[in-house]
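# Structure assessment
Take a look at the letters that make up each chain.
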Amino acid sequence: MSAPKMRPLLLGVVLVAGFAGVWRLQRGIDAQIVSLHQEQDELVLRSGPVLKLMSLEYAPLLADLYWTRTVQYYGSKNTRAEHQLDLLWPLLDITTTLDPNLLPAYRFGSTFLAEPAPRGAGMPEQAIEFLNRGIRANPDYWRLYQDLGFIYYFDMRDYGKASSAFLEGSKNPKALPWMKVLAARVSERGESRETSVFLWNEVYNSTSDAQLKKNALTHLRLLRGQEDCEQLDALAEEFGKRRGRRPDNVQDLVNAGLIPGAPVDPLGFVYVFDADGFAQLNPASPLAKDQPIYQRPM
Amino acid sequence: MSRAAVVAWNTFREAVRDRVLYNLVFFALLMFAAAILVGQISIQIEQIVIVTLGLSAISVIGLLMAVFIGVGLVSKEMDKRTLYALLAKPVRRWEFLLGKFGGLLLTLVVNTAAMAAGLFAALWYVKHPLERGDAVVLVAVYFILLKLALVVALALLFSCYTTPLLAILFTAGLYVAGLFVNEMRDLQSATMAPGMKAFLRWLSYLLPNFSNFDVMAAAAHGRAIPAMLAAQNTAYAALYCAIVLAAAATVFSRRNLK
Amino acid sequence: MAGASIEIENLTKDYPFGFLHLKKRRSLEGLTMTVEDGEVFGFLGPNGAGKSTTIKLLMGLIFPTAGTARILGKPISDIEMHRDIGYLPEQPYFYDYLTAAELLDYFARFFDLTAADRRERVERMLKKVGLETARKIQLRKYSKGMLQRVGLAQAILHDPKVVILDEPMSGLDPLGRREVRDIILELKRQGRTILFSTHILGDAEMLCDRVGVIVGGRLRGVGAPDEIVGVKAHGMEILFEYAGGGGEPSRLLSGATRTGNRYRLQVEEGELYATLEQLRGAGAKILSVTQVKASLEEYFMHLVEADRAQAAAVEVYGK
């Protein structure tokens, strides 16, 4: 081949070899950087108002970017099983300063701000303040009242305020009828499993966000597990009366003819009895990891 | 008057042949990629992203065109001396300016309309049936056009008496300043002298108020834009453009060409 | 003044320069002249003398510091007057992306012509300047000579009474220059008034009815090329061939300029016949005898040098 004809070929070789080298080097650099940074997430500018000023007329677009970043942040923290969600609040703050009408941010944000670790930031007061800000900017969106009542009910356990929130939200003509019902029930009875299940179901059905759905599902399963454990405790009581001791495991109950088969939790793991003879989730079950949030006396 | 139209048509033709409209390819790719991506990463705000991204791109691309081409409208003809033969014809200098303004405006209208079509295509892809409420996005696009007209007029003015670089800086500077006019008017400061405050207030009415045309948030969230605002903004843009163009015509009519 | 196409009175132009534009450079001073109907007027001068400045002032591209001018009786500020003037700028440059036909059509639209009329004229002009075959090519691909021709075409497209050309021959090869000369002569035959500027004296001598010489921003003289020079003749020039042999007229040969076997010899008119006899006696072959005139070039150089001396004197003595 003559020299001019070789040139395209030569270029092809340079490109392939060059980019192969670039790829190798990049992987090397990535490895180095990981060891350099412990904390890969950084938020250099934390001031919402400053960012709003800098964004000229493109604040809504910047809000979308920060929202995406928030979702990615939460998602990556979850996969990496790290528990420090320090940046969740600043990111949400910036997002909603840039666009106060970004409703998904309030719903998602309040849920995971309020949830205790490992699934959330464990800042229920901040979540309430956040929701109030959202309500001020979007007074017509009744679901924010739902979320507010939710947090008062679950995380703050302030049933008076929860009831007020549900009541306030029910005044919106677009609100679903159960808001009013719930306002009354919570005010009367405070916390009840029925209410809790209902609320988590409502969240599960009303959102399209994958994270929120997953979270609600986990809660529903834990509640289910709680219910099952209560029933098993009652049966254990019965067993104790008959045999004079509490059962060691569920097989005892089966053998005693109290239950037809070994009951499993929603993930398929058999329930166990602890040393005191009270029913518990199987430690091998993934649900057991999430259980700490339900270590509350009934 | 029709002589201005002759100049306008030639300005448009020159822009087209200068491959200015190729930016549409970039825009189309951007919208295409965005439409596909938002669905994949599932952040619940697909529609909002398409609208904000689309409007932002229309605004930024339009501004780049308005500033860079606008600044060259007169200075390029002066540098390259194409103006000499033209002004020897029975055409007045202000007719020439008006024609240049019209030609670039026409280019921007065509460009923006094409981009708006692309935006709606992406929007349709993301949320299949388009609702009547989505028409608010068209209003937002119209407002962007009004804003661009104002920027072109300013660029033209600066192009008449200063170098292209300075003209770009001045025009861009006025655009940014024009976005903060409302802050300037309501500046809260205990330490500022009342005279200064009054001056800033007065200045805030003098500067072109570009935040008038900022309705991206409303369009993104599907809130209706009052027709009255559209009418007033149109009048504001027309009046301000008239003022700027009159100034440009005055400056240019006494300018000695090289 | 009846019969004057262009009347210029005391036209002056200052250019500000320097820091804050405080200093002024006077590029044209007190120009007063007229161009008569139907004549070809040549505007001569070295580069920077003020020719282009004058023409740009006439065309309204720049504005006078003082003085007035009228074309066809109308003041130069009257834009409508441009309907009757054609203008070719110096070193013309046109829109890159248009073709020659499109450019001519574009310019033609500023005159009130019908579409058919426009088309016909554009065709005719392209043919006249010899650009028919290149009409569809974009102007950015044109050579300098071609651009000059397009420039000429757009100047005369609308049948103007007065044609003003700024350095119309610049950048053209001899063939191109001849074509332009022919067009100018044709325009003259059609009764139009032509004003053109040039620093090529030969063209001026050949084409112009009158010339105006401008040096250092001031008009030095106006008149027919012959008259302006003043002195009519400097004697006679003999062109002869001499190969040697015969009685050597060495005295004559030493005074002659030689190229090979040919010699040029200048003699006073009175000595002409005596010299011719001598040469014939020596066996030289007489090729031609012509009258020597003081050339425009000499006059020109004289003026330029005088101007430079004056400027130098000013520098030395201050002002």
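Residues numbered from 1 in each chain as written. Chains lettered and ligands numbered in written order. Predicted model: local features only at pLDDT ≥ 70, side-chain atom pairs only at ≥ 80, totals over all residues. Heavy atoms only, no water.

## Re the overall build of chain A
Helix and strand counts for chain A stand at 13 helices and two strands. For 298 residues, the compact-globule formula gives about 19 Å, and the C-alpha radius of gyration of chain A, at 26 Å, lies well above that figure. With respect to the principal axes defined by its C-alpha atoms, chain A has extents near 100 × 50 × 30 Å. Among the 298 residues that make up chain A, the fraction classed as buried is 46%. (Helix = DSSP H or I, 4+ residues; strand = E, 2+ residues; numbered from the N terminus. Rg over C-alpha atoms; globule rule 2.2 N^0.38 Å. Buried < 20%, exposed > 50% of the residue type's maximum accessible area, 1.4 Å probe, protein only.)

## What to know about the interface of chain C and chain B
Buried accessible area, meaning the area lost when the parts come together, often serves as the stated size of an interface. Tallying the contact residues gives 27 residues for chain C and 29 residues for chain B. Taken together, the two surfaces of chain C and chain B that pack against each other cover about 2,900 Å², and 60% of this comes from carbon and sulfur. By the criterion of area lost to chain B, the three top residues of chain C are Y95, Y97 and F110 of chain C, representing 25% of everything that side buries. One can count four salt bridges joining chain C with chain B. As a salt-bridge pair, R92 of chain B and E80 of chain C come within 3.3 Å of each other at their nearest N and O atoms. (Contact = heavy atoms within 4.5 Å. Buried area = accessible area lost by both parts, 1.4 Å probe. Salt bridge = Lys/Arg side-chain N within 4 Å of Asp/Glu carboxyl O.)

## Concerning the sheet that holds strand β12 (residues 257-259) of chain C
All names here are of chain C. Taken together, four strands build an open sheet; the order of strands is β12-β13-β11-β14 and the sheet is antiparallel. The sheet terminates laterally at β12 and β14 (285-291), the two strands that pair on one side only. Strand-to-strand twist of the sheet, defined as the mean angle between neighbouring strand axes without regard to direction, takes the value 20°. Strand direction decides the pairing type here: β12 and strand β13 (residues 262-267), joined by three bridges, are antiparallel. Residue pairing for β13: T259 is matched across the bridge by R262. Contacts from helix α9 (residues 272-282) reach β11 (236-241), β13 and β14 within the one sheet, and its direction differs from that of β11 by about 5°. (Pairing = 2+ DSSP bridges. Axes fitted to C-alpha atoms, helices over the stretch in contact; angles between N-to-C directions.)

## Remarks on the packing of aromatic side chains
Taken as a whole, this structure holds 27 aromatic pairs over all chains when the rule is applied. For the pair Y175 of chain B and F210 of chain B, a centre-to-centre distance of 5.5 Å together with 65° between the ring planes defines the contact as edge-to-face. Of this pair, Y175 of chain B sits in helix α7 (residues 164-179) while F210 of chain B sits in the loop between α9 (194-206) and α10 (216-220), placing them 35 residues apart in sequence. The exposure class of Y175 of chain B is buried, given its relative accessible area of 9%. Judged by relative accessible area, which is 0%, F210 of chain B ranks as buried. Grouping aromatic residues by their ring pairs yields a cluster made of F150, Y153, F154, Y159 and W200 of chain A. (Phe/Tyr/Trp six-rings, centres within 6.5 Å; stacked < 30°, edge-to-face > 60°.)

## Considering the pairing of strand β7 (residues 162-166) of chain C
All names here are of chain C. Taken across its five residues, β7 has five buried, putting it largely inside the fold. Burial of β7 is two-sided: the residues V162, I164 and D166 facing one way and the residues V163 and L165 facing the other way are all buried. Across four bridges, the pairing between strand β6 (residues 85-88) and β7 is parallel. Bridge pairing in β7 places Y87 opposite I164. Examined bridge by bridge, β7 and strand β8 (residues 193-198) share five bridges and lie parallel to one another. Directly across from V162, in β8, lies its bridge partner T193. Considered for its hand, the β-α-β crossover made up of β7, helix α5 (residues 174-189) and β8 is right-handed. (Right-handed = clockwise from strand over helix to strand, strands pointing away.)

## Quick notes on the pattern of salt bridges
Under the criterion given, the structure shown has 47 salt bridges over all chains. The salt bridge partner of D159 of chain C is R121 of chain C, with a shortest N-O separation of 3.8 Å. On the criterion of sequence distance, the pair formed by D159 of chain C in the loop between α4 (144-156) and β7 and R121 of chain C in helix α3 (residues 115-128) is long-range, its members being 38 residues apart. With relative accessibility at 11%, the residue R121 of chain C sits in the buried group. Three or more residues are tied together by salt bridges with common partners; here these are R3, R92 and E95 of chain B together with E80, R83 and D112 of chain C.

## Details of the domain arrangement of chain A
Residue and element names in this part refer to chain A. Splitting chain A by domain gives domain 1 (49-212) and domain 2 (226-294). Taking only C-alpha atoms, the centre of domain 1 and the centre of domain 2 are 35 Å apart. The partner domain 2 presents six residues to the four residues of domain 1 that form the contact. The contact between domain 1 and domain 2 buries some 500 Å² in all, and 41% of this surface belongs to carbon and sulfur atoms. Taking the shortest distance from any N to any O, the salt bridge between E230 and R193 comes out at 2.2 Å. (Domains from an automatic or database assignment.)

## What to know about helix α5 (residues 103-114) of chain A
Residue and element names in this part refer to chain A. Its twelve residues give α5 an end-to-end C-alpha distance of 17 Å, which sits within 8% of 16 Å, the value for a rise of 1.5 Å per residue. Of all twelve residues making up α5, eleven are buried, and the element is well covered by its neighbours. Of the positions making up α5, those classed as buried are P104, A105, Y106, R107, F108, G109, S110, T111, F112, L113 and A114. (Expected span 1.5 Å × (residues − 1).)

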